[in-house]
Amino acid sequence: MTRRAAVVLALAGVGVLFAYPFLWLLSASLKDRSQVFDNALLPEVFRPENYAEVWRAVPLLAWVGNSVAVGVAAALAATVSSAVVAFGFARFRFRGRTVLFGIVVATMMLPAAVTMVPVYLEWHAVGLATTQVPLWAGNLFGSAFYVFLLRQFFLGLPAEVFDAARVDGAGPWRQFRSIALPLARPGLVVVFVFEFKAAWTDLIRPLIYLREPELYTLPRGLKAVLDRFGQGGEAQWELVMAASVVATVPMILLFLVAQKHFVRGVVTQRVEE
């Protein structure tokens, strides 16, 4: 019992350490300008109107909508395309498969900065360099990390099920849609959440491609908020903090909603390894 209590206390302590930055951010967003950085978690004067002020000052709702649209498109594109490639590597036998898979995995070692300029030139050549399309369309070609992750899930599925489906006349696409995807649902949820989070927090690509404020995603919008309210001697940091809370809460809610599938997917992956 003592050991169990010690484990619970240790986990609680670690949980508090991880939660403290967000609690501080939430507290700072509800404080007066002069008290934002006083490190007290309970504000002396609550100012929930900070949220109303920043909501009136900048188009937060439009930025949230843009981030949701880009995040869902990026996550769906990465999940579907990576699943198709991973299923091919897991279930098809062809000459050079191991070498080709090694090349795909090796691309994870390539820094994103190396391809940043060539990719921009490609989007500029097709006239889409100032739109939201480059923020998600690249995922239509899959992701090496997600291909590797989903391949492990597909390899862990019983081969007998696919053999029986093949005997019954099911082709590769039918096996993929009706057998592989439902059985690999935890892995697909993990990929979707990972990529949605990556798109939601991405700042580099919006800085490169987005010019019009109405097209901004939340990270790009937060940069605009910081430039507007976080500079000079009269910096309105309480508004910056309020906008940051608005950008953070949706990801927390997403994890809470997908937590069961997310944890199951991670546990399944560890067991297969």
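What you see is a predicted model; the values in this text were computed from it and never measured.

Let's talk about the UniProt feature "transmembrane region" (unreviewed entry) in the protein chain
As annotated by UniProt and renumbered to match this structure, "transmembrane region" (unreviewed entry) occupies residues 60–87, 99–121, 133–150, 183–200 and 239–258. Helix and strand shares over residues 99–121 are 78% and 0% respectively, and the end C-alpha atoms of the span are 30 Å apart. For residues 183–200, the helix share is 94%, the strand share is 0%, and the end-to-end C-alpha distance is 27 Å.

Let's talk about the environment of Thr 115
By the element assignment, Thr 115 lies in helix α5 (residues 112–125). Taking the relative accessible area as the measure of exposure, Thr 115 reaches 31% and is therefore partly exposed. Separated by 49 residues in sequence, Thr 115 and Asn 66 have C-alpha atoms that sit 25 Å apart. Looking at Thr 115, its side chain comes within polar contact range of the main-chain oxygen of Ala 112, at 3.2 Å.

Brief notes about the nonpolar core
Counting 27 residues, the largest nonpolar core has Val 54, Val 58, Leu 60, Trp 63, Leu 218 and Val 225 as the members making the most contacts within it. Only α3 (60–91), α9 (185–201), α11 (218–229) and α12 (237–272) provide two or more residues apiece to this core. The element contributing the most residues to this core is α12, with 8 residues. If sequence neighbours within four positions are ignored, Leu 60 has contacts with Val 54, Trp 55, Leu 218 and Val 246.

Cut-off values and rules
- Residues numbered from 1 in each chain as written.
- Predicted model: local features only at pLDDT ≥ 70, side-chain atom pairs only at ≥ 80, totals over all residues.
- Heavy atoms only, no water.
- UniProt positions renumbered as here; feature names shortened; annotations may be inferred.
- Helix = DSSP H or I, 4+ residues; strand = E, 2+ residues; numbered from the N terminus.
- Buried < 20%, exposed > 50% of the residue type's maximum accessible area, 1.4 Å probe, protein only.
- Polar contact = N/O pair within 3.5 Å; in protein donor to acceptor, adjacent residues only side chain to side chain.
- Core = buried A, V, L, I, M, F, W, Y, C linked by side-chain atoms within 4.5 Å.
- Contact = heavy atoms within 4.5 Å.

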